[in-house]
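Topology and contacts: notes
The primary structure of each chain is shown beneath.
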Amino acid sequence: MEIANDLREFLMTRRAKVTPEQAGIIAGGRRRVSGLRREEVARLAGVSTEYYVQIERGRVSGVSDEVLHAIATALQLDDTETTHLFDLARAAGKRAGPGRTVRQPVPEGVQALIDTMVNAPAIVQNGHLDVVAANALGRALYGVVYERTPHPPNLARFIFLDDRAEEVFPDWKKAADDAVALLHVEAARAPYSKAVTGLIGDLATRSEAFRTRWAAHDVKAHQRGTKLFRHPVVGELTLRFEGLQVASAPGLTLIGYTAEPGSPSAEALQLLSSWTASEAPGPAVPSAGSETAEGDRRAQA
């Protein structure tokens, strides 16, 4: 990933989203762009046009946090976009390091925690959307994803490359938008990770839908919201989710799902829980021969 180019395109797309009226600028005459001009952003941020142009070109070595905050304010960036701007600027101001893939292990306590959540699906995913852990109900909810992708399943690959993705995620466009927005965040946070760059390169090569969304440079945090699923056994579920950062393993997010009490989704989730319990392997039943052998041992004792 070309960090300087990514920074340039991010600033350009944010600039295009802010109209002069939104920025409090009186725009006279004909304009070639619907959003802000570079000189208008520079004026709002309190820097020279030449300096802002250099920043937009990715030349950010030595740029202060105060200037970046001023640019974020001028472009009316939200908290996630502001953090993304700082991550891009930090990466663009450094030399490219060696591309490494570091697998973040799931702490044993995290797996134990989600296993206790017997009535709520829960998964743990990393920044590039590998599902690295799940409880029984979480695996059931994402059952088709687990069946159709290698371990660990990657949600972005499934969404853009699997023909069943629109069945599993009925609101496919939202799922696709969210996946790309999250990958943009991770790409700026870990710009030289082979896992991240390899995934983005593969998706960009194989999916026009991914390429179109990637060019928009939208970013978001995976904190809370609703997600629509269609399960082959229990049908559609609209579930609320909360994403919690795993403090002991930076880069991992625990995501828990709940349904509105008394809703059809709550009934479907209860049915999924019952189905999951019925599908789970029970305790091993000893054979008649083993029972006889055990009786013989007891008699000998």
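In what follows, the structure referred to is the one given above.
My aim in this report is to walk through the structure given alongside it, one point at a time.

Rules and cut-offs
- Residues numbered from 1 in each chain as written.
- Predicted model: local features only at pLDDT ≥ 70, side-chain atom pairs only at ≥ 80, totals over all residues.
- Heavy atoms only, no water.
- Helix = DSSP H or I, 4+ residues; strand = E, 2+ residues; numbered from the N terminus.
- Buried < 20%, exposed > 50% of the residue type's maximum accessible area, 1.4 Å probe, protein only.
- Contact = heavy atoms within 4.5 Å.
- Polar contact = N/O pair within 3.5 Å; in protein donor to acceptor, adjacent residues only side chain to side chain.
- Pairing = 2+ DSSP bridges.
- Axes fitted to C-alpha atoms, helices over the stretch in contact; angles between N-to-C directions.
- Expected span 1.5 Å × (residues − 1).
- Phe/Tyr/Trp six-rings, centres within 6.5 Å; stacked < 30°, edge-to-face > 60°.
- Lys NZ or Arg CZ within 6 Å of the ring centre and 35° of its normal.
- Salt bridge = Lys/Arg side-chain N within 4 Å of Asp/Glu carboxyl O.

The next subject is the overall build of the protein. When you go through the protein residue by residue, the secondary structure sums to 16 helices and five strands. Split into buried and exposed, the 301 residues of the protein put 44% on the buried side. Sequence-distant contacts in the protein: of pairs separated by 6 or more residues, those separated by 24 or more amount to 56%.

Considering the arrangement of structural elements, one finds Asp 162 in the loop between α10 (155–161) and α11 (165–168). The exposure class assigned to Asp 162 is buried, which follows from its relative accessible area of 15%. Engagement of the side chain of Asp 162 in a polar contact is seen with the backbone nitrogen of Arg 164, the distance being 2.8 Å.

Let us look at the sheet that holds strand β2 (residues 131–134). Taking strand neighbours across the sheet as the criterion, the five strands line up as β2-β1-β5-β4-β3 in an open arrangement whose pairing is antiparallel. Strands at the two margins of the open sheet, each flanked by one partner only, are β2 and β3 (224–231). Recorded for the sheet is a direction-independent mean angle of 30° between the axes of neighbouring strands. With four bridges joining them, strand β1 (residues 122–125) and strand β5 (residues 253–258) adopt antiparallel strand pairing. Its bridge partner being in β5, Ile 123 is matched across the sheet by Ile 255. Here helix α7 (residues 108–115) sits on the sheet in contact with β1, β2 and β5, set at roughly 50° to β2.

Compared with the 20 Å implied by 1.5 Å per residue over 14 residues, the 20 Å span of helix α6 (residues 79–92) between its first and last C-alpha is a close match. Those residues of α6 that sit buried are Glu 81, Thr 82, His 84, Leu 85, Phe 86, Asp 87, Leu 88, Ala 89 and Ala 91. Against α1 (3–17), α5 (65–74) and α12 (172–189) lie the buried residues of α6. Capping the start of α6, Asp 78 holds a side-chain oxygen 3.1 Å from the backbone nitrogen of Thr 80, two or three residues further along.

Right, let's get into the pairing of β3. Regular strands show a simple pattern: their side chains alternate between the two faces of the sheet. Direction of pairing for β3 relative to strand β4 (residues 235–245): antiparallel, over a ladder of eight bridges. Bridging across to β4, Thr 226 finds its partner in Arg 240. Counting the residues in the hairpin turn of β3 and β4 gives three residues.

Within the secondary structure layout, Arg 206 lies in helix α13 (residues 194–206). Residues Arg 206 and Leu 161, 45 residues apart in the sequence, show an inter-C-alpha distance of 7.7 Å. In this structure Arg 206 touches Leu 161 and Arg 211, once residues within four positions along its chain are discounted.

Counted by the stated rule, this structure contains ten aromatic pairs. Ring geometry for Tyr 142 against Tyr 257: centres 6.3 Å apart, planes inclined by 55°, an arrangement best described as tilted. Taken together, the residues Tyr 142 in the loop between α8 (136–141) and α9 (143–148) and Tyr 257 in strand β5 connect sequence positions 115 residues apart. Look at Tyr 142 and you get buried, because its relative accessible area is 2%. Aromatic side chains Phe 169 and Phe 229 sit 5.8 Å apart centroid to centroid with 50° between the ring planes, which places their arrangement in the tilted category. With Phe 169 in the loop between α11 and α12 and Phe 229 in strand β3, this residue pair connects regions lying 60 residues apart in the sequence. Accessibility assignment for this pair places Phe 169 and Phe 229 in one class, buried. Aromatic ring contacts, followed pair by pair, group Tyr 142, Phe 158, Phe 169, Phe 229, Phe 241 and Tyr 257 into a single cluster. Above the ring of Tyr 146, the side-chain terminus of Arg 139 is found at 4.1 Å from the ring centroid.

Okay, the pattern of salt bridges next. Where charged atoms from two side chains of opposite charge come close, those side chains can pair. Summed over the entire model, instances satisfying the criterion amount to 19 salt bridges. The salt bridge involving Arg 8 is made with Glu 9; its shortest N-O contact spans 3.7 Å. Since its relative accessible area comes to 30%, Arg 8 is described here as partly exposed. By relative accessible area, which is 26% here, Glu 9 ends up partly exposed. Note that Asp 178 is salt-bridged to Lys 220, the shortest N-O span being 3.1 Å. Placement of the pair is Asp 178 in helix α12 and Lys 220 in the loop between α14 (208–216) and β3, with a sequence separation of 42 residues. Judged by its relative accessible area of 25%, Lys 220 is partly exposed.

Moving on, we come to the environment of Leu 88. With respect to the element layout, Leu 88 can be found in helix α6. You can call Leu 88 buried: its relative accessible area is 0%. Sequence spacing of Leu 88 and Ala 4 is 84 residues, and the spatial spacing of their C-alpha atoms is 8.0 Å. Sequence-distant contacts of Leu 88, defined by excluding residues within four places in its chain, comprise Ile 3, Asp 6, Leu 7, Phe 10 and Ala 188.

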